Amino acid sequence: MAPKADETAVKGQDVAAYAASMTAQNVQEMVRRDPSFVPERYIQKKEDMTKATDAPHLSPEIPVIDLSLLSKGHEDELKKLDLACEDWGFLQVVNHGVAKEVLQGMKDAAAGFFELPLEEKNKYAVDLNDGQGYGLPYEVPQELKLDWSDALVLSIYPSQNQKLKYWPTAPKEFKEIVEAYSTGVKKVAEELLGSLSLVMGMMDKDALIRLHKEMALVLRVNYAPTCCKPDEVLSISPHSDMSTITILMQDDDLHGLQIRHDGKWVPVIPIPNALVVNVGDVIEIWSNGKYKSIEHRAITNKDRTRISFASFFFPHEDVELEPFNQMVDSQQPRKIYKKLTYGEYVGRSITSKLDGKAHIEMAKNKSK
Ligand code: OGA
Ligand code: NI
C-alpha cells in the first residue's frame, strides 16, 4: 500500500529510491527521512491498544526449558514442556546447543545488511510470487493497520526452495552465518518435536518429524526502527503463527515480544542467549487444541531499533492435518478441527493478512 504523496516529502535523487520504498513499505527509510512522522495507517485503533491490559508481573512465569535435560529424556523437563505448551504456548529454551558466536554472528550480519543504503537492499526486493526477499512478503488490505517494521524473508529448507537471488551478498559472511544459524535452530526444533512426540503419546521420538514429510524452514528477519509514538504503533500486529513451531531470537536486552495470556499481554523478557519457542497452528490442530498457538505481537521502542529472527518450521503442503486420535479424550471428546492439507490451510489463510487467530478459527469443525 503506497503512502499518499503528501505524506512523505520526496526530493531530487531520492525519487527512485522512494518509488521502490513504496512497494516495499519501507519503514526504516521513512524514519530516516523524518523520525517525527507516523502516517495514519500505522496508528493502531485506540480500542485495540487498550482492550487488553499489560501484565508484566507474569513474565517470570513463562516457562524456561533446559534442552540438554530434555534431550536426555528427563521426566521433569518433559512434564514442563507439556505444561508449557498447554498453559502458555510459549517457552524459552536454554542450553540449546547453538553456539553464542553463531547467535551473535547472525545478529551482526543482519544489522550490517539493514544498514546498507536502500538501493543496495532493494537488489533483494521481495517478489510476491515467491514470498521471499526484502520488503513486505504479502499485501495488507486497506482496512488493516500496517506494522512498523521491514522484513527479510528467506526460504531455507528444503534446500531446493532456496532462491539465492534474495540472499544478501553483503555483509560477505551473510550466507555462511544464515546456514550455521539455520542448522543450529533446526536441531533445536527437531529435539523439541522429538520430545513433543513423546508427550503427545506417539510411538517414537521421530513421529512428528516424519509427519512433516519434508520439514520446511522459513527465516523471517524483522527490522523495527525507533518509533516516536510507541504507545500507538506496533512493530508486529497480533497474530498466531501458521507453523508447527517457531523459534525466535530476540535482542538480549531489549524486550519487544508480548504474548496473550488470560486475556492480557505478557512481555517475554529476554534471557541472554536463550531462544523463544512457540507452538504454531499445526501443533494446535494435531493436539486437538490441547497445546495452544497463542496470539502474540511486538511493540515499538522510542530509542532503539530492534531486530528479531523468527524461524518458522512447517510441514509439506500435501500433509493432511487432523487432530490425533489419542488427543480425543474426556477433556476434549470430539475432534475440534476438520481434516485439511497444510497447503489448503495456508491457502485459505494467506490470501489476506488476517487479524489475530482468525485463520485457525476457519479450520474448526462447526459445533453440532
Ligand atoms: C513473527 C513474530 C515476534 C518478534 O515474526 O511471527 O511473531 O518479536 N515475531 O519479532
Ligand atoms: Ni509470530
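The rules behind these values
- Residues numbered from 1 in each chain as written.
- Chains lettered and ligands numbered in written order.
- Predicted model: local features only at pLDDT ≥ 70, side-chain atom pairs only at ≥ 80, totals over all residues.
- Heavy atoms only, no water.
- UniProt positions renumbered as here; feature names shortened; annotations may be inferred.
- Helix = DSSP H or I, 4+ residues; strand = E, 2+ residues; numbered from the N terminus.
- Expected span 1.5 Å × (residues − 1).
- Buried < 20%, exposed > 50% of the residue type's maximum accessible area, 1.4 Å probe, protein only.
- pLDDT = per-residue confidence, 0-100.
- Contact = heavy atoms within 4.5 Å.
- Donors = N, O, S within 2.8 Å, 3.2 Å for Na, K, Ca; no water.
- Axes fitted to C-alpha atoms, helices over the stretch in contact; angles between N-to-C directions.
- Parallel < 35°, antiparallel > 145°, perpendicular 65-115°, else oblique.
- Left-handed = near helix turned anticlockwise from the far one by under 90°.
- Nonpolar A, V, L, I, M, F, W, Y, C, P; charged D, E, K, R; others polar.
- Pairing = 2+ DSSP bridges.
- Near = heavy atom within 4 Å.
- Polar contact = N/O pair within 3.5 Å; in protein donor to acceptor, adjacent residues only side chain to side chain.
- Areas by Shrake-Rupley, 256 points an atom, 1.4 Å probe, with all protein chains shown as cover.
- Phe/Tyr/Trp six-rings, centres within 6.5 Å; stacked < 30°, edge-to-face > 60°.

Going by an unreviewed UniProt entry, the protein chain carries the name Fe2OG dioxygenase domain-containing protein and comes from Liquidambar formosana. According to its UniProt record, the protein chain has this under Sequence similarities (unreviewed entry): "Belongs to the iron/ascorbate-dependent oxidoreductase family."

A.B. asks: Quick rundown of the UniProt feature "domain: Fe2OG dioxygenase" (unreviewed entry) in the protein chain? Include the residues and the values.
C.D. replies: Here, the residues flagged by UniProt with the feature "domain: Fe2OG dioxygenase" (unreviewed entry) are residues 215-315. A helix fraction of 6% and a strand fraction of 47% characterise residues 215-315, whose end C-alpha atoms lie 5 Å from each other.

A.B. asks: A description of helix α5 (residues 75-88) should follow, citing residues and the corresponding values.
C.D. replies: Between its first and last C-alpha atoms α5 spans 19 Å; for 14 residues at 1.5 Å apiece the expected length is 20 Å, and the two agree. Within α5, burial applies to Glu-77, Leu-78, Leu-81, Asp-82, Ala-84, Cys-85 and Trp-88.

A.B. asks: Before we move on, can you summarise the confidence of the model for the protein chain with the specific residues and values?
C.D. replies: For the protein chain, per-residue confidence averages 90 on the pLDDT scale, and residues scoring 70 or more make up 90% of the total. Counting contacts from residues 1-24, a segment whose pLDDT is below 50, to residues more than four positions away or on other chains yields 27 contacts.

A.B. asks: So what's going on with the coordination of the nickel ion (ligand 2)? Which residues, and what values?
C.D. replies: Each protein donor to the nickel ion (ligand 2) is listed here as His-239 (NE2), Asp-241 (OD) and His-296 (NE2); together their distances run 2.1 to 2.2 Å. For the nickel ion (ligand 2), the single-chain donor residues occur in sequence as H-x1-D-x54-H. As far as burial versus exposure is concerned, His-239 and Asp-241 are alike and both buried.

A.B. asks: For the packing of helix α6 (residues 100-114) against helix α8 (residues 174-199), give the residues involved together with the corresponding values.
C.D. replies: Interhelical geometry of α6 versus α8 gives an angle of 140° and a closest axis separation of 9 Å. Taken together, the axes of α6 and α8 lie oblique to each other. Here α6 runs over α8; the crossing is left-handed. Counting all contacts with α6, which are made through Val-102, Leu-103, Gly-105, Met-106, Ala-109, Ala-110 and Phe-113, the residues of α8 involved are Phe-174, Ile-177, Val-178, Ala-180 and Tyr-181. Tallied by class, residues from the contact of α6 with α8 come to eleven nonpolar, one polar and no charged.

A.B. asks: A description of the pairing of strand β7 (residues 245-249) should follow, citing residues and the corresponding values.
C.D. replies: When you tally the buried positions in β7, you get five out of five residues, the bulk of the element. Covered by surrounding structure in β7 are Ile-245, Ile-247 and Met-249 together with Thr-246 and Leu-248, the residues of both alternating faces. In the sheet, β7 pairs with strand β10 (residues 275-279) via four bridges, with the strands oriented antiparallel. Bridging across to β10, Ile-245 finds its partner in Val-279. Where β7 lies against strand β12 (residues 306-314), five bridges are found, and the strand directions are antiparallel. If you follow Met-249 over to β12, its bridge partner there is Phe-309.

A.B. asks: Kindly report on the site of ligand 1, identifying the contributing residues and their values.
C.D. replies: Looking at ligand 1, the residues that line it are Asn-222, Ile-236, His-239, Asp-241, Leu-248, Leu-257, His-296, Arg-306, Ser-308, Ala-310 and Phe-312. At 3.0 Å from an oxygen atom of ligand 1 is found a side-chain nitrogen or oxygen belonging to His-239. A distance of 2.5 Å separates an oxygen atom of ligand 1 from a polar side-chain atom of Ser-308. Here ligand 1 has 290 Å² of accessible area as a free molecule, and 95% of this is covered by the chains. Elements represented by at least two residues in the shell around ligand 1 include exactly β6 (234-239) and β12. Of all the elements, β12 adds the most residues to the shell around ligand 1, at four residues. Considered class by class, the residues forming the shell around ligand 1 number five nonpolar, four polar and two charged.

A.B. asks: Go over the packing of aromatic side chains with me, naming the residues and quoting the values.
C.D. replies: Per the stated rule, a full pass over the model turns up ten aromatic pairs. When the ring of Phe-113 is compared with that of Tyr-134, the centres are 5.6 Å apart and the planes differ by 85°; the resulting orientation is edge-to-face. In this pair, Phe-113 sits in helix α6 while Tyr-134 sits in strand β3 (residues 133-135), placing the two residues 21 residues apart along the sequence. For the ring pair Phe-314 and Tyr-342, a centre distance of 5.8 Å and an interplane angle of 25° mean the geometry is stacked. Taken together, the residues Phe-314 in strand β12 and Tyr-342 in helix α11 (residues 342-350) connect sequence positions 28 residues apart. One aromatic cluster is present, built from ring pairs that chain together Phe-113, Phe-114, Tyr-124, Tyr-134, Phe-174 and Tyr-223.

A.B. asks: Give me the lowdown on the sheet that holds β6, citing residues and values where you can.
C.D. replies: Spatially, four strands are ordered β6-β11-β8-β9 in an open sheet, and the strand pairing comes out antiparallel. Single-partner strands in this sheet number two, and they are β6 and β9 (264-267). Ignoring strand direction, the axes of neighbouring strands in this sheet form an average angle of 30°. Sheet analysis places β6 next to strand β11 (residues 296-299), joined by three bridges and oriented antiparallel. The residue bridging His-239 from the neighbouring strand is His-296, located in β11.

A.B. asks: Quick one: what's the story with the side chain of His-296, residue by residue and with numbers?
C.D. replies: By the secondary structure assignment, His-296 is in strand β11. Reaching out from His-296, the side chain makes a polar contact with the side chain of Asp-241 at a distance of 3.1 Å. In this structure the side chain of His-296 is engaged in a polar contact, spanning 3.1 Å, whose partner is the backbone oxygen of Ile-294. What His-296 contacts, discounting residues up to four positions off in sequence, is Phe-90, Ser-237, Pro-238, His-239, Ser-240, Asp-241, Leu-257, Gln-258, Ile-259, Trp-265 and Asn-278.

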